[in-house]
Amino acid sequence: MGDLVAEYTSRLQRQENEIKSLSAEIESLKNPQNVGSLSHLDELREENARLKYRLNILKRSLQEERSECNKSMVNINQRLQEVFGDAIRAAYPDLDNPPLAVTPNQQAKFGDYQCNSAMAMAQMMKAKGVKVNPRDIAEKIVQNIPENELILKTEIAGPGFINIHLQRSFVSKLLTNLLVNGVQPPPLERRKKVVVDFSSPNIAKEMHVGHLRSTIIGDSMCRLFEFLGYEVLRLNHVGDWGTQFGMLIAHLQDKFPNYLTVSPPIGDLQAFYKESKKRFDDDEEFKKRAYQCVVRLQSKEPDFIKAWNLICDVSRNEFQKVYDCLDIRIIERGESFYQDLMTAVVKEFEDKGLVELDEGRKIVFAPGQSIPLTVVKSDGGYTYDTSDLAALHHRLFEEKADVIIYVTDSGQGMHFQVVFAAGQMIGWYDPKVTRVEHAGFGVVLGEDKKKFKTRSGDTIRLMDLLEEGLKRAMDKLKEKERDKVLTPEELTKAQRAVAFGCIKYADLSHNRINDYVFSFDKMLDDRGNTAAYLLYAFTRIRSIARLANLDESVLRDAAKSTSIILEHEREWKLGKCILRFPEILQRILDDLFLHTLCDYLYELATTFTEFYDSCYCVEKDRQTGEVVKVNMWRMLLCEATAAIMAKCFDILGITPVERM
C-alpha cells in the first residue's frame, strides 16, 4: 500500500504542476497583445485548442488519482495549514517565510481550530520597520482564504486569533470514509527505510528493567513506522563479543570438559557468569588462560567459536521467552557482526587524517565535541566506539537507511552525539537528508523512588517481573469475578492482555525522557489513564453492537448508506476527536514521544464516555428490556471510536480482547 500511495502522490504532484503550467499558457493565449502577427494567430488558436483538450484529460486523470488517495485518513490540521499557508502568501507575497501556526481549539465556544499567525507576522513586520495591527493582518488573511470544503466560517478574536469552524458535512464525510475503508495511514511522499536499534541486552547477563524500556519503546516506534508504510528493519545490537567471553569459555572448559560433544546443561547463565567472574578476579592463572581464550576466539578457532555459540544460544533462549511474552519481532545483529568491518572504518578515518595518537590509543575528535572517540585501544583492540561507528557505516551504506533511531537509556546520549558528529565529519551522511537520532529514556524507579531492585539489592530479572504481572492480573480479574463469566480460554487471553498491556502502557504513557515509578497497583488500577481502564473501555464499546444484535456485515452496509449526523455537541466533539488521529501520528513521527498517543487514546475514551452518557445509541423497552430503536449513526460513531482505539493499541503493542 505504501509504495502505491507514494507513487500516486508523486504523480499527483507532477500533474498538478503541469496543469498550472498549461493554465498559464492558456491565459497568455487569451491576450491579443501577445500575438505577434495575424498570420500566427491561427496557429496559436489551434495550439490553444490542443492545450485545452490535454488540460481536460489531465484534470480527469487527477480526479481519478485523488479518488484512490481518498481512502487514506486526512490530516485536518495539515490541510488547514495548506489553506492558511496559501492565504498568507496571497495576502503578504513579499513576506519571506511567514510563520504558520494552526492548532486545535481547546474550548468549543472558540471554534474547532485556531490560526495564530497574525501576531507573529506583526512582530516580523515591526522588525522591518513596518507597524501593522495584528487584527488587520488576520482580516487580510481571512479575505484571501481560497475556496475549500473544510471551513464553514472564521472569526477574528482578541489581538488577532483566527477561530476556525469546520464544515460538519466535511467531518461526516471523513468519518464515513474511515468506516468504509478502515483506518488507513495518510499518503507517503516516499517509502523511506527506517532502522530502529533497540532492546540490545548483553549475552550471559539477565535482561533487566532497562532492557524492558528499550524493548517496549523501540517496538512501539517500529509499529508506528510500519503502520505509516515505511520499510522498517528492527535490529537487536546485542553485546555478544569482548573480553568477558574469554573467562566464560575458560570456565566452560573446566566445568563441562566434554562441551564439544555433549551440550552443557547451563541452567542459570547469570550464576555461571558470576562464578567465572569470581575466578577471573581471584585466580591469576585462570585470568591468564581467559586472556588466551579471547585471543583464540578472535582468531576464530573452531572449538572456541563453538563454545562462544553455546553460551550465546543459552542467552538467546532466555531473551526469546521475554520477546514471546511481549510479542516482539527483532533481528539479532550483535557486536560480533561488525568485527570484520571495524578495520576498514579505522583505516578510512586514518586515510582522511582524522586520527590522533594519545598514549598508544588512536582517538578521533569530532567538531564541537569535547570528548574523543577511542577507535583503537593501546593494546590494539577495538572498542564500543569502533563497533558503533562500524554499525552506523553499515546501516548508512549497506542498508541504505533514510532514518536510523537508537533507543537506549539517556546516559548514552553523549556517546551517540559524538558518534553521529564523527559520521557527519567524515562525510557519511548529511543530517538534512538522513535522520540519525538517539531516542533516550530515563530509569525505572521502585516505589521508594530509588533504582528498581530486589530487596537484596539485585537487579530484577525481567521474566520474574512478567510472571508477577501475570499473577497480579489474574488476581484482579478474579476480584472482579470475571472467572465466573469468561471461558478458561477467554480468561487466559484477558490475563495476558491486562498483564503485558499494563506493563507496556505504564512505560509508554510517561514522557520517555523522565524516570518513572514502576507500580503494579497503579498499572492495574481500572480508573484513570491506565491500560486496565482503556482495555475495559474498549470491550464495553465493542459490546454495544452485540447488545443491539448488530453483526459486522450490518454495520459495514450501514457505513455505506447512513449519513453520520453530528448535531449533538457530544457527537460533534467525538467526531472531531476521532479524526485527530493522523495529526497525533504526525506529531510522534516528528519527536518520537509515544506518550502523546497514550494521552490521545485516553482523551478519546473519555470523550466517548461523555458521548455515550448523553446520546442514546440503543433504546430499549424499560419493562421487557427489548431493543425498540437503534440510532445507526451513533452506532457508527461507536464503531469508528473502536477502530481508532484498536489501531492505537496495535501501535503501542497492546492486544485488546473482545470480552473481558
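So, how was this worked out
Residues numbered from 1 in each chain as written. Predicted model: local features only at pLDDT ≥ 70, side-chain atom pairs only at ≥ 80, totals over all residues. Heavy atoms only, no water. UniProt positions renumbered as here; feature names shortened; annotations may be inferred. Helix = DSSP H or I, 4+ residues; strand = E, 2+ residues; numbered from the N terminus. Buried < 20%, exposed > 50% of the residue type's maximum accessible area, 1.4 Å probe, protein only. Areas by Shrake-Rupley, 256 points an atom, 1.4 Å probe, with all protein chains shown as cover. Core = buried A, V, L, I, M, F, W, Y, C linked by side-chain atoms within 4.5 Å. Domains from an automatic or database assignment. Contact = heavy atoms within 4.5 Å. Phe/Tyr/Trp six-rings, centres within 6.5 Å; stacked < 30°, edge-to-face > 60°. Lys NZ or Arg CZ within 6 Å of the ring centre and 35° of its normal. Axes fitted to C-alpha atoms, helices over the stretch in contact; angles between N-to-C directions. Left-handed = near helix turned anticlockwise from the far one by under 90°. Nonpolar A, V, L, I, M, F, W, Y, C, P; charged D, E, K, R; others polar. Parallel < 35°, antiparallel > 145°, perpendicular 65-115°, else oblique. Pairing = 2+ DSSP bridges. Expected span 1.5 Å × (residues − 1). Polar contact = N/O pair within 3.5 Å; in protein donor to acceptor, adjacent residues only side chain to side chain. Arc of directions from axis to C-beta. Disulfide = S-S within 2.5 Å.

Labelled according to an unreviewed UniProt entry, the protein chain appears under the name Arginine--tRNA ligase, cytoplasmic, originating from Chanos chanos. We quote the UniProt Catalytic activity (unreviewed entry) comment for the protein chain here in full: "tRNA(Arg) + L-arginine + ATP = L-arginyl-tRNA(Arg) + AMP + diphosphate". UniProt's Subcellular location (unreviewed entry) comment on the protein chain is quoted here verbatim: "Cytoplasm, Cytosol".

*Asks:* Lay out the overall build of the protein chain in plain terms, naming residues and giving numbers.
*Replies:* Assigned secondary structure in the protein chain consists of 23 helices and 16 strands. Burial status across the protein chain gives 49% buried among its 660 residues. Accessible surface for the protein chain amounts to roughly 32,900 Å². Of this, 48% is attributable to carbon and sulfur atoms.

*Asks:* If you had to explain the nonpolar core to someone new, which residues and values would you point to?
*Replies:* Counting residues in hydrophobic clusters, the biggest one holds 174 residues, and the most contacted among them are Phe518, Phe581, Leu597 and Ile644. With 13 residues, the top contributor of residues to this core is helix H23 (residues 632-652). The two domains that each donate at least three residues to this core are domain 2 (243-312) and domain 3 (462-652). Residue contacts for Phe518: discarding those within four places in its chain leaves Leu212, Val444, Leu445, Glu447, Phe452, Leu465, Ile503 and Met523. By size, the runner-up hydrophobic cluster in this structure holds 31 residues, among which are Tyr338, Met342, Tyr406 and Val436.

*Asks:* Please set out the packing of aromatic side chains residue by residue, giving values where relevant.
*Replies:* How two aromatic rings sit relative to each other is given by the distance of their centres and the angle of their planes. Per the stated rule, a full pass over the model turns up 16 aromatic pairs. Ring plane angle 85° and centroid distance 5.4 Å describe the contact between Phe225 and Tyr230, whose orientation is recorded as edge-to-face. Residue Phe225 is classed as buried on the basis of its relative accessible area of 2%. Where Phe608 meets Tyr612, the ring centres are 5.8 Å apart and the plane angle is 15°; that geometry is what we call stacked. Of this pair, Phe608 and Tyr612 both sit in helix H22 (residues 595-614), separated by four residues, roughly a single helical turn. The class for Phe608 is buried, based on a relative accessible area of 5%. Clustering of aromatic rings is evident, with ring pairs tying together Phe227, Phe581 and Tyr600. Sitting over the face of the ring of Tyr92, Lys140 holds its NZ or CZ atom 4.7 Å from the ring centroid. The ring of Trp572 has Arg168 sitting right over it, with the charged end atom 4.3 Å from the ring centre.

*Asks:* Let's hear about the packing of helix H4 (residues 117-127) against helix H5 (residues 134-143): which residues, and what values?
*Replies:* Where H4 contacts H5, the two axes come as close as 8 Å, and the packing angle between them is 115°. As H4 packs across H5, the resulting crossing turns out to be right-handed. Each of Ala118, Met119, Met121, Ala122 and Met125 in H4 lies in contact with H5, whose residues at this interface are Pro134, Ile137, Ala138 and Ile141. Considering only residue class, the contact of H4 with H5 consists of nine nonpolar, no polar and no charged.

*Asks:* Explain the environment of Val407 residue by residue, including any values.
*Replies:* Within the fold, Val407 resides in strand E11 (residues 403-409). The class for Val407 is buried, based on a relative accessible area of 1%.

*Asks:* Can you lay out the packing of helix H11 (residues 302-326) against helix H15 (residues 462-479) for me, pointing to particular residues and giving the numbers?
*Replies:* The geometry of H11 relative to H15 is characterised by a closest axis approach of 10 Å and an angle of 30° between their N-to-C directions. Classified by the interaxial angle, the pair formed by H11 and H15 is roughly parallel. H11 and H15 meet at a crossing whose hand is left-handed. Each of Lys321, Val322, Cys325 and Leu326 in H11 lies in contact with H15, whose residues at this interface are Leu462, Met463 and Leu466. Split into classes, the residues belonging to the contact of H11 with H15 amount to six nonpolar, no polar and one charged.

*Asks:* Would you mind going over the sheet that holds strand E10 (residues 373-376) in detail, with residue names and values included?
*Replies:* Strand order in the open sheet formed by three strands is E8-E9-E10, with antiparallel pairing between adjacent strands. The sheet is open, and its two borders are formed by strand E8 (356-358) and E10, each paired with just one other strand. The sheet shows a mean angle of 45° between the axes of neighbouring strands, direction not considered. Relative to E10, strand E9 (residues 361-364) is paired through three bridges, and the arrangement is antiparallel. Note on E10: the bridge partner recorded for Val364 is Leu373.

*Asks:* Can you break down helix H13 (residues 384-397) residue by residue, with the values?
*Replies:* In a regular helix each residue adds 1.5 Å, so 14 residues correspond to 20 Å; H13 covers 20 Å between its end C-alpha atoms and thus fits that length. Counted residue by residue, H13 has eleven buried out of 14 residues, so it is predominantly covered. Looking only at H13, the buried set comprises Asp385, Thr386, Ser387, Asp388, Leu389, Ala390, Ala391, Leu392, His394, Arg395 and Leu396. Backbone nitrogen of Asp385 and a side-chain oxygen of the N-cap are separated by 3.1 Å at the start of H13; the cap is Thr383.

*Asks:* Describe the environment of Ser214, naming the residues involved and giving the relevant values.
*Replies:* With respect to the helices and strands, the residue Ser214 is situated in helix H7 (residues 209-227). For the pair Ser214 and Asp197, spaced 17 residues apart in sequence, the C-alpha separation works out to 9.1 Å. Those residues within four positions of Ser214 in sequence are excluded, and the remaining contacts are Phe198, Ser199, Val407 and Phe441. Looking at Ser214, its side chain comes within polar contact range of the main-chain oxygen of Val407, at 2.8 Å.

*Asks:* Describe in detail the sheet that holds strand E1 (residues 102-104), supporting the description with residues and values.
*Replies:* The strand order across the open sheet built from four strands is E1-E2-E4-E3, with neighbouring strands paired in antiparallel fashion. The sheet terminates laterally at E1 and strand E3 (151-157), the two strands that pair on one side only. For this sheet, the mean inter-axis angle between neighbouring strands, taken without regard to orientation, is 25°. Note: E3 against strand E4 (residues 161-166), six bridges, orientation antiparallel. Note on E4: the bridge partner recorded for Glu155 is Asn163. Its contacts with the sheet place H5 against E3 and E4, and it is angled at close to 165° to E3.

*Asks:* Any details on helix H12 (residues 339-351)? Residues and values, ideally.
*Replies:* Buried within H12 we find Gln339, Met342, Val345, Val346 and Phe349. Along the axis of H12, the buried positions cluster into a sector of 100°, meaning they face one direction only. Within H12, the exposed residues directed more than 90 degrees away from the buried face are Asp340, Ala344 and Asp351. Elements in contact with the buried residues of H12: E9, E10, H13 and helix H14 (413-425).

*Asks:* Report on the side chain of Asp197, specifying residues and quantitative values.
*Replies:* Counting through the fold element by element, Asp197 comes out in strand E5 (residues 193-197). Here Arg395 takes part through its side chain, which lies 3.0 Å from a polar atom of the side chain of Asp197. Ignoring sequence-local partners within four residues, the contact set of Asp197 consists of Leu235, His237, Arg395, Ile405, Tyr406 and Val407.

*Asks:* Can you break down the state of the cysteines residue by residue, with the values?
*Replies:* Following the criterion strictly, the structure yields zero disulfides and no others. Free of any disulfide, Cys638 has its nearest cysteine sulfur in Cys617, 3.7 Å distant.

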